[in-house]
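# Descriptive analysis of the structure
Take a look at the letters that make up each chain.
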Amino acid sequence: MSVIHQISVFLENRAGSLSEITRILADSGINLRALSIAETSDYGVLRIIADDTEKATEILLEKGCILSKTPVFVVAVPDEPAGLSKVLELLAEKNVDIEYMYSLFTHQNGKAFMVFRLADEEGFRGVIEDHGLALATPEEVGLK
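Residues numbered from 1 in each chain as written. Predicted model: local features only at pLDDT ≥ 70, side-chain atom pairs only at ≥ 80, totals over all residues. Heavy atoms only, no water.

Another aspect to go through is the overall build of the chain. A count of helices and strands for the chain gives 4 helices and 6 strands. Secondary structure elements of the chain occur, N-terminal to C-terminal, as β-α-β-β-α-β-α-β-β-α. Here the chain holds 144 residues, and the buried ones make up 24% of them. Taking as baseline every contact in the chain between residues at least 6 positions apart, the subset at least 24 positions apart corresponds to 60%. As presented, the chain carries roughly 10900 Å² of accessible surface, and 54% of it is formed by carbon and sulfur atoms. (Helix = DSSP H or I, 4+ residues; strand = E, 2+ residues; numbered from the N terminus. Buried < 20%, exposed > 50% of the residue type's maximum accessible area, 1.4 Å probe, protein only. Contact = heavy atoms within 4.5 Å. Areas by Shrake-Rupley, 256 points an atom, 1.4 Å probe, with all protein chains shown as cover.)

A few words on the sheet that holds strand β2 (residues 32–39). As summarised here, the arrangement of the 4 strands in space is β2-β3-β1-β4, forming an open sheet in which the pairing is antiparallel. Each having just a single partner strand, β2 and β4 (66–72) make up the two edges of the open sheet. In this sheet, neighbouring strand axes are inclined to one another by 25° on average, regardless of whether the strands run parallel or antiparallel. Along the sheet, helix α1 (residues 17–27) contacts β1 (4–12), β2 and β3 (43–50); its crossing angle with β1, the most-contacted strand, is approximately 135°. (Pairing = 2+ DSSP bridges. Axes fitted to C-alpha atoms, helices over the stretch in contact; angles between N-to-C directions.)

Let us look at the confidence of the model for the chain. Reading fine detail from the predicted coordinates is not recommended where pLDDT is low. On average, the chain scores 81 in pLDDT, and the residues at 70 or more come to 78%. Per-element averaging of pLDDT across the chain places strand β6 (residues 111–112) at the bottom with 62 and helix α2 (residues 53–62) at the top with 96. (pLDDT = per-residue confidence, 0-100.)

Next up on the list: α1. Those residues of α1 lying buried are S17, I21, I24 and L25. Looking down the long axis of α1, one finds its buried residues gathered within 95° of arc, a one-sided arrangement. Where α1 is buried, its residues contact β1, β2, β3 and α2. Downstream of α1 by one or two residues, G29 has phi in the positive range, about 80°. (Arc of directions from axis to C-beta.)

If you want it as structure tokens, here you go:
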């Protein structure tokens, strides 16, 4: 069974801290495969799976980041209605507690998709439009 490691980076809860981390990794040629954020009022925990865990860890440590590396399991879930539910039901039947979970980025036609929840939706739309970006349609990400 192959082991996959996630990197958990502790971030100050302020505007721009996530951008700094992703820029550091991008400038070093690191590609993110997954990303999840948990936050409190004072700090956040950024969980990432990178295409080169060792290099990403080394670079982030050199930049003074506080982080940990944790082995995780990546499970193939059928891409169909109830695909995830079936897997979760199996774990529940065996009384396996899940601490947290998140998904890998999906790829379609060379694009990765991220989901945002925002307080300022109009401001977000303005940024998207001003920079020639487009919001994905439900069809592009396989929704009905």
